[in-house]
Amino acid sequence: MPRCPVVLATACCTMAVGSMIGCAPKGEKVAAPAAEAANTPHLITLADFSITAPDTLAAGWTTFQAKNTAQELHHATLIRLDSAHTVDELVAALKNPGPPPAWAIWMGGPQQESEVTIDLTPGNYAWICLIPGSDSIPHFMKGMVKSFVVVPAAMAGASEPTADVDVTSKDYTWVLSTPITAGAHTLKITTEPGQPHEMVILRTTPGTTSKEVLQWMDKMQGPPPVESVQGISTMQAGISEYEQMNFTPGHYVVLCFVPDAKDGKPHAAHGMTLDFDVK
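Note that the structure is a prediction, hence the values are computed from the model and not measured.

What counts as what
Residues numbered from 1 in each chain as written. Predicted model: local features only at pLDDT ≥ 70, side-chain atom pairs only at ≥ 80, totals over all residues. Heavy atoms only, no water. Helix = DSSP H or I, 4+ residues; strand = E, 2+ residues; numbered from the N terminus. Buried < 20%, exposed > 50% of the residue type's maximum accessible area, 1.4 Å probe, protein only. Areas by Shrake-Rupley, 256 points an atom, 1.4 Å probe, with all protein chains shown as cover. Contact = heavy atoms within 4.5 Å. Polar contact = N/O pair within 3.5 Å; in protein donor to acceptor, adjacent residues only side chain to side chain. Pairing = 2+ DSSP bridges. Core = buried A, V, L, I, M, F, W, Y, C linked by side-chain atoms within 4.5 Å. Axes fitted to C-alpha atoms, helices over the stretch in contact; angles between N-to-C directions. Arc of directions from axis to C-beta. Phe/Tyr/Trp six-rings, centres within 6.5 Å; stacked < 30°, edge-to-face > 60°.

Peer 1: Pulling in residues and values, what's your account of the overall build of the protein chain?
Peer 2: Looking only at helices and strands, one finds three helices and 17 strands in the protein chain. By residue count, 47% of the 279 residues in the protein chain fall in the buried class. Roughly 11800 Å² of accessible area belongs to the protein chain as shown, and the carbon and sulfur atoms make up 53% of that amount.

Peer 1: Give me the lowdown on the environment of Asn68, citing residues and values where you can.
Peer 2: Tracing the chain through its elements places Asn68 in strand β4 (residues 60–68). In this structure the C-alpha to C-alpha distance between Asn68 and Ala47, which are 21 residues apart in sequence, comes to 6.3 Å. Non-local contacts of Asn68, meaning those with residues more than four positions away in its chain, are made with Leu46, Leu73, His74, Gln112 and Glu113. One polar contact links the side chain of Asn68 to the main-chain amide nitrogen of Ala70, over a distance of 3.0 Å.

Peer 1: Can you tell me about the pairing of strand β7 (residues 115–120), naming the residues and giving the values?
Peer 2: As judged from the six bridges shared by β4 and β7, these two strands associate in the antiparallel manner. Paired with Thr62 across the bridge in β7 is Ile118. Pairing between β7 and strand β15 (residues 240–247): three bridges, direction antiparallel. By the bridge assignment, Thr117 is partnered in β15 with Tyr242.

Peer 1: Tell me about the nonpolar core, residues and numbers included.
Peer 2: Core analysis: the largest hydrophobic core is formed by 42 residues, its most contacted members being Leu120, Trp127, Met199 and Phe247. For this core, the element with the highest residue contribution is β7, accounting for three residues. Among the nonpolar cores identified, the runner-up in size contains 14 residues, and Leu90, Val91, Trp103 and Val145 belong to it.

Peer 1: Kindly report on the sheet that holds strand β11 (residues 173–176), identifying the contributing residues and their values.
Peer 2: Spatially, eight strands are ordered β2-β1-β4-β7-β15-β12-β10-β11 in an open sheet, and the strand pairing comes out mixed. The open sheet has two edge strands, β2 (50–52) and β11, and neither has a second partner. The mean angle between the axes of side-by-side strands here comes to 25°, regardless of whether they run parallel or antiparallel. Looking at chain direction, strand β1 (residues 42–47) and β2 are connected through three bridges and run antiparallel. Considered in β2, the bridge of Leu46 is made with Ile51.

Peer 1: Mind laying out helix α3 (residues 210–219), listing which residues take part and the relevant values?
Peer 2: Every buried residue belonging to α3 is among Ser210, Val213, Trp216 and Met217, and all of these are buried. Looking straight down α3, one finds its buried side chains confined to an arc of 120°; they lie on one side. Of the residues in α3, the exposed ones pointing more than 90 degrees away from the buried face are Lys211, Asp218 and Lys219. Count one or two residues on from α3 and you reach Met220, which has phi positive near 55°.

Peer 1: Go over the packing of aromatic side chains with me, naming the residues and quoting the values.
Peer 2: One pass over the structure, following the stated rule, counts seven aromatic pairs. Ring geometry for Phe64 against Trp127: centres 4.9 Å apart, planes inclined by 80°, an arrangement best described as edge-to-face. One end of the pair, Phe64, is in strand β4; the other, Trp127, is in strand β8 (residues 123–128), and 63 residues separate them in sequence. The burial state of Phe64 is the same as that of Trp127; both residues are buried. Taking the centre distance of 5.9 Å and the plane angle of 20° together, the rings of Trp127 and Phe148 count as stacked. Of this pair, Trp127 sits in strand β8 while Phe148 sits in strand β9 (residues 145–151); the two residues are 21 residues apart in sequence, bridging distant segments of the chain.

Listed below in structure tokens is the structure:
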């Protein structure tokens, strides 16, 4: 897991330049929400500094569409709270240095305005924005956290999506099952055993490679060489997530900015980058 969530937030902020809370009281029964059409996205609205999203969802494959209505850049990282822990405990833990608690399960979630599909099991969850502002304070410390409850489904829900591209993240590489072409695709992203990873997909300005993107991020001088940002937030091993994405022709870069467990450097600094062209 990331050694220090604040470091993770700083890394996410660097990426993003390119482009309380509480749970249901213990023992209280929450009615399952009405069934919706398969694959109908649930909207997550990101603002300065709040997250608006459903309070209760049924277990199963669930699609989320993030929309950033704010002036600042945001994302929605999904964390499952195991062992009856609360969102208040999560926020308190993330304010402290050191590794996040083992009961906080990093489930991914949409980067910027991505659309992702996640398999939810019953329990307590939180959406959280780790990106810091110009004051270096992570947005979750300003209240950008939203709790919700997942309850057993009353009826069969949406089926697992069918991917046409499998993406595997591992220490420290990306593997695509097939080249990505122009048009709509469903990506299945899986983290292999090892450290957690995020998948930041950048469409760059013409002629810009991952090396040049990282060089720009080091100094942040001049306009960012990035035209769009999508992807998934931090996801630990044993979890798979789907992203629905429309690729237009151009050059793309895939990066992971999660700090390394050994030296704290972003995984991209360890070579976890991928360049590819879409035609």
